[in-house]
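Structure at a glance
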Amino acid sequence: MGAVVDTLRLTAEEAKALLERGELSGAELREAYFEAIAERDGELHCFLRTVAEPDGEGVPIALKDVISTKGVETTAGSKILAGYVPPFDSTVAARVKAAGLPLLGKTNTDEFAMGSSTENSAWGPSRNPWDPNRVPGGSGGGSSAAVTAGMTPWALGSDTGGSIKQPSALCGNVGLRPTYGTVSRYGVVAFASSLDQVGPVAKTVRDAALLYSIIAGRDPCDSTTVELPEPVRLPEGDSLAGVRVGVPTELNEAEGIEPGVKEAVEQAIALAQGLGAEVGECSLPRAVRYGMPCYYLIAPAEASSNLARYDGVRYGPRVDGSSYQEMVDRTRDEGFGDEPKRRIMLGTYALSAGYYDAFYGQAQKVRTLLIQEHRDAFERFDLLVCPTSPTVAFRIGERAADPLAMYLSDVLTIPSCLAGLPGLSIPCGLSQGLPVGLQLIGPQFGENTLFRVGHALEHAIGFDTVPERWR
Ligand code: GLN
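**Some remarks on the site of the ligand**
Residues in contact with the ligand amount to 15 residues; listed here are only the nearest, Thr-160, Gly-161, Ser-163, Tyr-295 and Asp-410. In isolation the ligand has 290 Å² of accessible area, and contact with the protein removes 100% of it. Class assignment of the residues belonging to the shell around the ligand gives a composition of five nonpolar, seven polar and three charged.

**Some words on the environment of Gly-26**
Residue position: Gly-26 is located in helix 2 (residues 26–44). Looking at Gly-26, the relative accessible area reads 4%, which means it is buried. In this structure the C-alpha to C-alpha distance between Gly-26 and Glu-57, which are 31 residues apart in sequence, comes to 4.7 Å. For Gly-26, the residues in contact, after removing those within four places along its chain, are Leu-19 and Glu-57.

**Brief notes about the sheet that holds strand 4 (residues 154–159)**
One open sheet accounts for 11 strands, arranged 1-3-2-4-6-5-10-11-9-7-8; its pairing is mixed. Of all strands in the sheet, those with a lone pairing partner are strand 1 (47–50) and strand 8 (278–282), marking the two edges. Put simply, the sheet's adjacent strands are angled 25 degrees from each other on average, direction ignored. Of the strand pairs in this sheet, strand 7 (residues 244–248) and strand 9 (residues 383–387) are connected by two bridges, and their pairing is parallel.

**Things to note about helix 8 (residues 259–274)**
Compared with an ideal rise of 1.5 Å per residue, which puts 16 residues at 22 Å, helix 8 spans 23 Å between its outermost C-alpha atoms and is within 8% of the ideal. For helix 8, the full list of buried residues reads Val-261, Ala-264, Val-265, Ala-268, Ile-269 and Ala-272. Considered in projection along helix 8, the buried side chains sweep an arc of 140 degrees and stay on one side of the axis. Projecting away from the buried face of helix 8 at angles above 90 degrees are the exposed residues Pro-259 and Gly-274. Positive phi shows up at Gly-276, right after helix 8, with a value of about 110 degrees.

**What about the packing of aromatic side chains?**
Following the criterion strictly, the structure yields 14 aromatic pairs and no others. A centroid spacing of 5.5 Å and a plane angle of 55 degrees characterise the contact between Phe-88 and Tyr-186, whose relative ring orientation is tilted. With Phe-88 in the loop between strand 2 (61–64) and helix 3 (91–98) and Tyr-186 in the loop between strand 5 (174–177) and strand 6 (197–202), this residue pair connects regions lying 98 residues apart in the sequence. Residue class for Phe-88 comes out partly exposed when judged on its relative accessible area of 27%. Put simply, the rings of Tyr-84, Phe-112, Tyr-310, Tyr-315 and Phe-336 pair up and form one aromatic cluster. In this structure, Arg-40 packs its charged tip against the face of Trp-470, placed 5.0 Å from the ring centre. Just above the ring of Phe-394 sits the side chain of Arg-399; from NZ or CZ to the centre is 3.8 Å.

**What about the nonpolar core?**
By size, the foremost hydrophobic cluster in this structure holds 131 residues, and its most contacted members are Phe-112, Met-151, Trp-154, Leu-156, Leu-438 and Leu-440. Top element by residues in this core is helix 9 (residues 287–306). It accounts for nine residues.

**What about the pairing of strand 4?**
For strand 4, the buried fraction is high: six of the six residues fall into the buried class. Summarising the sheet, strand 2 and strand 4 pair through two bridges and their orientation is parallel. From the neighbouring strand, Leu-63 faces strand 4, where its bridge partner is Leu-156. Sheet topology note: the strand 4/strand 6 ladder contains six bridges and is antiparallel. Within strand 6, the position partnered with Gly-157 by the bridge is Gly-199.

Calculation rules
- Residues numbered from 1 in each chain as written.
- Predicted model: local features only at pLDDT ≥ 70, side-chain atom pairs only at ≥ 80, totals over all residues.
- Heavy atoms only, no water.
- Near = heavy atom within 4 Å.
- Areas by Shrake-Rupley, 256 points an atom, 1.4 Å probe, with all protein chains shown as cover.
- Nonpolar A, V, L, I, M, F, W, Y, C, P; charged D, E, K, R; others polar.
- Helix = DSSP H or I, 4+ residues; strand = E, 2+ residues; numbered from the N terminus.
- Buried < 20%, exposed > 50% of the residue type's maximum accessible area, 1.4 Å probe, protein only.
- Contact = heavy atoms within 4.5 Å.
- Pairing = 2+ DSSP bridges.
- Axes fitted to C-alpha atoms, helices over the stretch in contact; angles between N-to-C directions.
- Expected span 1.5 Å × (residues − 1).
- Arc of directions from axis to C-beta.
- Phe/Tyr/Trp six-rings, centres within 6.5 Å; stacked < 30°, edge-to-face > 60°.
- Lys NZ or Arg CZ within 6 Å of the ring centre and 35° of its normal.
- Core = buried A, V, L, I, M, F, W, Y, C linked by side-chain atoms within 4.5 Å.

As structure tokens, this is what we get:
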């Protein structure tokens, strides 16, 4: 007998309804996902580990492996955390547990969430369900590919400069990077603390909104969090009457945007207009030019500080040496892969005496300008739209040897992340047979607007989230 439900198509909302009506038991539902994992994860490698007997009778979930889970190994995709079993739950893991969602397993990620393809995972890459020779994006490629492949109805990722939005674009699903400060980072392996945010990956905008409502809100364990100014509204309806949509020229005309991506995004914008939205052009003059350099100073600077704690004493494996310093050096040399080492070097350099003002200090000033130019745009518009990723999914290995080419994958997601703003990626069509992501950027706490517009557009676009080879 095959799976009781078609996990490739079932949304979390539909799964919830089946459970509530008693048409399916929690155990049957979990079994269906474990069957899907057994069937497809050998090829796609989304899961670093699964949980044999998860607790909870609700809709199952998968969590990116940067999210600490009590009693379940958490490695952040790094050898330096191999065997680390957190003695506590992160707040987001505790919240999904309290909501009764059983944990199917932990998903693959670039090491310490550094990357755009999941190829930097110490445990080997994940693959794109649409074409296994291509990357699923990153760093949250495991969570995103798992959702598209029907191995989990929804998942959590983390996004520092695009790690939820970009994989969602490349795998053809919905990903939300929430407003900075709305979701707790307590117990989430830190990459760049002024940027890191946890958020949902799902098949539909409504599912993403539902999961966001479970994880969002003030947490006394993370002093950067706030209570949401208004409750999450599950979107319904198709009208966009009165919604002002801004199209930032620089983010839509940037060099490197593939013609097929541009075309799909333009069609989605035309659909928004058809649904009653007022569409107008605007400008974010510094976003594309300065976003990347600013991010690649601030994020590595914070990372170099956050990664100092992996010293062979506090967590994970240790490589012995004849002195304390030699032990630390050897542990870090063996434990970290190339990308974290690259970021630590960039970051310590940017923070070093004599260079601090010229690099880190300057980047912080540019960040303020980016915040201001977004704020100016939101005086005229309710949301901004552009492609999520300049390209569709690229081939495994294609950008691995060229860090700069890899970094450019996030040129369109990074500016709003630096500004602390929410961004939603929804699939808006195919180019070369691969999904294209539409990025909707909102003002601070503008998630409800993103959900409303994303939901209406999702209906109008009618994208089939099941990869063609499985239809
Ligand atoms: N690709 C970006 C980086 O490597 C963003 C990663 C992320 O959002 N975690 O820094």
